[in-house]
Amino acid sequence: MSGQVDRTGLIAGVVALAAAVGMVVAVPSLLPSGLRDVVGLGPERFADAPDPSGTGPYAFLATQAGDPDVPVGYDPCQRIPLRVNLAGAPPGSLELVMRAIAIVEGATGLRFDYRGQTGARPRWEGETVPVILGQPKASPVLVSWATADEVDALAGRVAGVGGSVAVPDGGGIERYVTGGITLDSEAFAEIDATDDGRADQLAILLHEFGHLVGLDHVDDRGELMNAVSAGRTSYGPGDLRGLAAVGSIDCG
Ligand SMILES: [Zn+2]
């Protein structure tokens, strides 16, 4: 029975992007930008983000300096590498992650590149992006489960954290290059025992994927990006508008 789980505040936590960004050391690209355009191999999007018809609020975690309408996001012409560490996850969680990825891809036009399982642990306090020859060589996005003993941000009734790390490209445009989603293994085990457990777990995954690709909380219980769960298990109309927006930025 879902009443056993007080989901109020479960997904209130998001690791502040500024904290992660502040630890990134990036140098400007040493390579000329637009080189591929010159030789006629310009970047192509995988898919145009859909044009949602609904209305509703959305917010970006970060925007480009001097242009509050343009979000920081992943390059829509580059697949986003991703690995999953299933340690501490309920059975069937990999399938749930894949469902979430398919939904996010459909809403954004972005494409993930699933590179298999990993034993890597999340490092929310010390994220770094190695920079080689001016090009960020980032580790894949890591989806993992942990407890508050390991990840402080999961303390209390927080069911997950999600976010990405941005670095400036050669033209000074900030782009996400890696990130992470860490789910609270105790909360997921608790939810797993309820009737609506799978749907609620998917909802938390979708919320954290929203953060990963650049969405902030909104104060609207009709949206999945509301800070506190209000029973939604799918993206709301504002969420879909925001997801389309982060997937519609220029390619690198
Ligand atoms: Zn959140």
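In every chain, residue numbers begin from 1 and rise along the written sequence. Predicted model: local features are reported for residues with pLDDT of at least 70 only, side-chain atom pairs are reported and counted for 80 or more only, and whole-chain, interface and lining totals are derived from all residues.

Some remarks on the environment of Arg221
Consideration 1: The helix and strand labels rest on DSSP assignments: H or I over at least four residues marks a helix, E over at least two residues marks a strand, and numbering proceeds from the N terminus. Mapped onto the elements of the fold, Arg221 is located in the loop between α5 (197-212) and α6 (237-246).
Consideration 2: Along the primary structure Arg221 and Gly236 are separated by 15 residues, whereas in three dimensions their C-alpha atoms are 9.3 Å apart.
Consideration 3: Residue pairs are scored as contacts if the distance between their C-beta atoms, which are placed from the backbone, is within 7 Å. When near neighbours in sequence (up to four residues on either side) are disregarded, Arg221 contacts Asn226 and Ala230.

Considerations on the pairing of strand β9 (residues 174-184)
Consideration 1: Buried, partly exposed and exposed are defined by the number of other C-beta atoms within 10 Å of a residue's own C-beta, namely 20 or more, between the two limits, and 12 or fewer respectively, with C-beta atoms placed from the backbone. With 10 of 11 residues buried, β9 lies mostly within the body of the structure.
Consideration 2: Whether two strands pair comes down to DSSP finding at least two bridges between them. The pairing of strand β8 (residues 160-168) with β9 spans 9 bridges and is classified as antiparallel. Within β9, the position partnered with Gly160 by the bridge is Leu183.
Consideration 3: Here β8 folds back onto β9 in antiparallel fashion, the turn holding 5 residues, of which Gly172 has a positive phi close to 85°.

A look at the environment of Gly242
Consideration 1: Summarising the element assignment, Gly242 is placed in helix α6.
Consideration 2: Owing to 29 C-beta atoms within 10 Å, Gly242 belongs among the buried residues under this scheme.
Consideration 3: Separated by 182 residues in sequence, Gly242 and Phe60 have C-alpha atoms that sit 7.6 Å apart.
Consideration 4: With sequence-adjacent residues up to four places away left out, Gly242 is seen in contact with Tyr58 and Leu215.

So, the packing of helix α3 (residues 93-108) against α5
Pairs of packed helices are described in terms of their axes, by the angle between the two and the distance that separates them.
Consideration 1: Interaxial angle, 0 to 180 degrees, is taken between N-to-C directions of lines fitted to C-alpha atoms, where a helix line uses only the stretch in contact. In the contact formed by α3 and α5, the axes pass within 9 Å of each other and the chain directions differ by 50°. Taken together, α3 and α5 sit at an angle that is classed as oblique. Handedness of the crossing formed by α3 with α5: right-handed. Along the contact surface, α3 presents Leu96, Val97, Arg99, Ala100, Ile103 and Val104, while α5 presents Arg198, Gln201, Leu202, Leu205, Leu206 and Phe209.
Consideration 2: Residues are grouped as follows: Ala, Val, Leu, Ile, Met, Phe, Trp, Tyr, Cys and Pro are nonpolar; Asp, Glu, Lys and Arg are charged; all remaining types, including Gly, are polar. A breakdown of the residues in the contact of α3 with α5 according to their chemical character gives 9 nonpolar, 1 polar and 2 charged. Working definition: roughly parallel below 35 degrees, roughly antiparallel above 145 degrees, roughly perpendicular at 65 to 115 degrees, and oblique for all remaining angles. Crossings are sorted by hand: turned counterclockwise from the far helix by less than a right angle, the near helix makes the crossing left-handed, and turned clockwise it makes it right-handed.

Here we look at the confidence of the model for the chain
Consideration 1: In this model, the chain carries a mean pLDDT of 82, and residues with pLDDT of at least 70 account for 78%.
Consideration 2: In predicted models, pLDDT denotes the confidence assigned by the predictor to each residue on a 0 to 100 scale. Looking at the elements of the chain, mean pLDDT is at its lowest for helix α1 (residues 17-21), recorded as 32, and at its highest for α3, recorded as 98.
Consideration 3: Segment residues 1-40: pLDDT under 50, and 81 contacts once partners within four positions in sequence are set aside and those in other chains are kept.

Things to note about the sheet that holds β8
Consideration 1: One open sheet holds the 5 strands; their spatial order is β4-β3-β7-β9-β8, and the pairing between them is mixed. Of all the strands in the sheet, just β4 (112-117) and β8 have a single pairing partner and so form its edges. For this sheet the average axis-to-axis angle between neighbouring strands, irrespective of direction, equals 20°.
Consideration 2: Note: strand β3 (residues 80-85) against β4, 4 bridges, orientation parallel. The residue bridging Ile80 from the neighbouring strand is Phe112, located in β4.
Consideration 3: The strands touched by helix α4 (residues 185-192) within the sheet are β7 (141-146) and β9, with β9 carrying the most contacts at an inclination of about 55°.
Consideration 4: Contacts from α5 reach β7, β8 and β9, with the element oriented near 15° to β8.

Some thoughts on the pairing of strand β2 (residues 67-71)
Consideration 1: As judged from the 2 bridges shared by strand β1 (residues 63-64) and β2, these two strands associate in the antiparallel manner. Residue Gln64 lies in a different strand from β2, and its bridge partner there is Asp67.
Consideration 2: Where β1 folds back on β2, the antiparallel hairpin that results is connected by 2 residues, among which Gly66 adopts a positive phi of roughly 80°.

A few points about α3
Consideration 1: The end-to-end C-alpha distance of α3, which contains 16 residues, comes to 22 Å, matching closely the 22 Å that a straight helix rising 1.5 Å per residue would cover.
Consideration 2: Within α3 the residues assigned to the buried category are Ser93, Val97, Ala100, Ile101, Val104, Ala107 and Thr108. Projection of α3 onto a plane perpendicular to its axis shows the buried side chains occupying an angular sector of 130°, all on one side. What points out from α3, more than 90 degrees from its buried face, is the exposed set Glu95 and Ala102.
Consideration 3: The inward-facing, buried residues of α3 abut β3, β4, β7, α5 and α6.
Consideration 4: Count one or two residues on from α3 and you reach Gly109, which has phi positive near 85°. To estimate how far a helix should extend, the number of its residues minus one is multiplied by 1.5 Å. Here the arc refers to the directions that run from the helix axis out to each C-beta atom.

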